[in-house]
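# Overview (structure and organization)
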Amino acid sequence: MTEILITGATGQLGSELRNLLDERNVAYDAFDSHGLDITDEETVMKKVEELQPKVIYHCAAYTAVDNAEDQYKAANWQVNETGTQNIAQAAKKVGALLVYVSTDYVFDGTNPGEYKEDDPTNPKNEYGKAKLAGEEIVKQTLDNYYIVRTSWVFGKYGRNFVYTMLRLAKDHDRLTVVNDQFGRPTWTRTLAEFITHLVDTKSPYGTYQLSNDDSCSWYEFAKEILADKDVEVAPVTSKEYPQKAYRPRHSIMSLEKAKETGYEIPTWQEALKEFMSDMDESFLN
């Protein structure tokens, strides 16, 4: 019997978290959507009551932001709201600590400064609305929880902006990337380390925000990714690159509360460099 349960085990963060815990020789139970359908209340309750975890890392999420606007709108709400409700209720039943990963998309991106944890939320797309609904459910259901908002996630496992840029650079001489959306990239390794840090150090319960330090535009991020590639990266406006779902223009979240826990946050440049130095090129195929 282990003390840790992980949902979304094969996703970008869940895979990173499993890898981190394996390195530390920490035992856990981990499930993907086939092993544990979080949208099925009875199944979730039965599994959690059977395993009796002390900590649940709820990494499962529907993250296809554009598809969440229309054809997969129902799936977005089923997973991010209903699924989170089922996990939170099961956590309450067995007295488990819940770690829920949320997003900068709970904000509208109109703040020219940095968003603090208790600033007013105002999600403008279906994904952000559903993730905020998940946050509210966690807060209403439990006292012992960590909500951790993150942004611009990249890492070894799954699809992300870094892999996309590197793949495109193999077949194109020139790439255009938006230069009027600003935020903070987040390496999954940094995020996995931080959420375990919160639990291990028994940091005060509540809402936190975690990304790598410093900020940039998507264009600046792409330039850094492709710094040693023979490809031109040109800036464009969001109007020149329309997307189905609304993207916050300035979603830089404050990291002060996260830093107060004693966790040292690498800059996104440092994180990207370390990630790319150990990157498996097979992921680009």
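See the structure printed just above.
Structural notes, computed from the coordinates. Please read these numbers as outputs of a predicted model, since none were measured by experiment. (Residues numbered from 1 in each chain as written. Predicted model: local features only at pLDDT ≥ 70, side-chain atom pairs only at ≥ 80, totals over all residues. Heavy atoms only, no water.)

## Considerations on the packing of aromatic side chains
Put simply, the test is: Stacked, tilted and edge-to-face pairs are distinguished by plane angle, under 30 degrees for stacked and over 60 for edge-to-face with tilted covering the rest, among Phe, Tyr and Trp rings (Trp via its six-membered ring) whose centres lie within 6.5 Å. Only DSSP runs of H or I covering at least 4 residues are called helices, and only runs of E covering at least 2 are called strands; the numbering of each starts at the N terminus. To sort residues, take the accessible area from a 1.4 Å probe on protein chains only and compare it with the maximum for the residue type: under 20% means buried, over 50% means exposed, and anything in between is partly exposed.
Inspection of every chain in the model, using the stated rule, returns 16 aromatic pairs. Considering the side-chain rings of Tyr-146 and Tyr-208, the 6.1 Å spacing of their centres and the 65° angle between planes classify their relative orientation as edge-to-face. On the criterion of sequence distance, the pair formed by Tyr-146 in strand β5 (residues 145-150) and Tyr-208 in strand β10 (residues 206-209) is long-range, its members being 62 residues apart. For Tyr-146, a relative accessible area of 1% gives the class buried. Ring centres of Phe-161 and Trp-218 lie 4.7 Å apart, and the angle between their planes is 55°; on these two criteria the pair is classed as tilted. Highlighted residues: Phe-161 in helix α5 (residues 161-171) and Trp-218 in helix α7 (residues 218-225), separated in sequence by 57 residues. The burial state of Phe-161 is the same as that of Trp-218; both residues are buried. Cluster of aromatic residues (ring-pair linked, three or more members): Trp-152, Phe-154, Phe-161, Tyr-163, Trp-187, Trp-218, Phe-221, Trp-268 and Phe-275.

## What about the environment of Asp-66?
For clarity, the cut-off: Definition of a polar contact: a pair of N or O atoms within 3.5 Å, with one able to donate and the other able to accept a hydrogen when the atoms are protein atoms, and with sequence-neighbouring residues admitted only if both atoms are side-chain atoms.
In this structure, Asp-66 sits in the loop between β3 (55-58) and α3 (73-94). Asp-66 sits in the partly exposed class, given a relative accessible area of 23%. Sequence separation of Asp-66 and Arg-189 is 123 residues, and the distance between their C-alpha atoms is 25 Å. Within the structure, Asp-66 has its side chain in polar contact with the backbone nitrogen of Ala-245 (distance 2.8 Å).

## What to know about helix α9 (residues 268-277)
Note the following rule: Throughout, the arc means that of the directions going from the helix axis to the C-beta atoms. Contacts were defined at the residue level, with two residues in contact if any of their heavy atoms lie within 4.5 Å.
Within the sequence span of α9, burial applies to Trp-268, Ala-271, Leu-272 and Phe-275. Buried positions in α9, seen along its axis, are confined to an arc of 100° and lie on one side of it. The exposed set on the far side of α9, more than 90 degrees from its buried face, consists of Lys-273 and Ser-277. Against the buried residues of α9 lie β6 (153-154), α5, β9 (186-187), α6 (188-200), β11 (216-217) and α7.

## Here's the deal with the packing of α3 against helix α4 (residues 126-141)
Operational definition: Fitting a line to C-alpha atoms yields each axis, with helices limited to the stretch in contact; the angle taken between N-to-C directions then spans 0 to 180 degrees. Roughly parallel means an angle under 35 degrees; roughly antiparallel, over 145; roughly perpendicular, 65 to 115; everything else is oblique. Note: crossing handedness is left-handed where the near helix turns anticlockwise from the far helix by less than a right angle, and right-handed where it turns clockwise. When residues are sorted by character, Ala, Val, Leu, Ile, Met, Phe, Trp, Tyr, Cys and Pro go into the nonpolar class, Asp, Glu, Lys and Arg into the charged class, and all the rest, Gly among them, into the polar class.
Across the interface, α3 lies against α4 with an axial gap of 9 Å and an inter-helix angle of 15°. With respect to each other, α3 and α4 are oriented roughly parallel. In this structure, α3 meets α4 at a crossing whose hand is right-handed. Between α3 and α4, the residues in contact are Lys-73, Asn-76, Trp-77, Asn-80, Glu-81, Thr-84, Gln-85, Ala-88, Gln-89 and Lys-92 and Glu-126, Tyr-127, Lys-129, Ala-130, Lys-131, Ala-133, Gly-134, Ile-137, Val-138 and Thr-141, respectively. Grouping the constituent residues of the contact of α3 with α4 by class yields 7 nonpolar, 7 polar and 6 charged.

## Focus on the sheet that holds strand β2 (residues 29-31)
The criterion, for reference: Strands are treated as partners if at least two bridges between them are detected by DSSP.
Across the sheet, 6 strands lie side by side as β2-β1-β3-β4-β5-β10; this open sheet has parallel pairing. Two strands in the sheet have a free side with no partner beyond their single neighbour: β2 and β10. Recorded for the sheet is a direction-independent mean angle of 15° between the axes of neighbouring strands. Bridge count for strand β1 (residues 4-7) against β3 is 4 bridges, and the pairing is parallel. Within the sheet, the bridge partner assigned to Ile-4 lies in β3 and is Val-55. Contacts from helix α1 (residues 12-23) reach β1, β2, β3 and β4 (97-103) within the one sheet, and its direction differs from that of β1 by about 150°. Packing of helix α2 (residues 41-51) onto the sheet brings it into contact with β1, β2 and β3, and relative to β2 it is tilted by some 165°.

## Examining α3
We count it as follows: In a helix, the anticipated span is given by 1.5 Å times the number of residues less one. The bend reported for a residue corresponds to the angle between axes fitted to the seven residues ending at that residue and the seven starting there.
Taking 1.5 Å per residue, 22 residues should reach 32 Å; α3 reaches 31 Å between its end C-alpha atoms and fits that length. Roughly 25° is the biggest bend found in α3, and it falls at Gly-83. When we look at burial in α3, the residues that qualify are Asn-76, Val-79, Asn-80, Gly-83, Thr-84, Asn-86, Ile-87, Ala-88, Ala-90, Ala-91 and Val-94. Residues of α3 that are buried in the fold lie against β1, α2, β3, β4 and α4.

## Topic: a negative patch on the surface
Stated precisely, the cut-off is as follows: The patch calculation keeps residues exceeding 30% relative accessible area without a salt bridge and links them within 9 Å when they carry like charges or within 5 Å when they are nonpolar (Val, Leu, Ile, Met, Phe, Trp, Tyr). Shrake-Rupley sampling with a 1.4 Å probe provides the accessible areas, and residues are treated as covered by the protein chains on show and by no other component. Only one rule defines a salt bridge in this text: a Lys or Arg side-chain nitrogen within 4 Å of an Asp or Glu carboxyl oxygen. Here Asp and Glu are counted as negative and Lys and Arg as positive; His is not counted, and neither are the chain ends. By convention, the charge on Lys lies at NZ, on Arg at CZ, on Asp at CG and on Glu at CD.
Taken together, the side chains of Asp-37, Asp-40, Glu-41 and Glu-42 present a region of like negative charge at the surface. With respect to the helices, strands and loops of the structure, Glu-41 is situated in helix α2.

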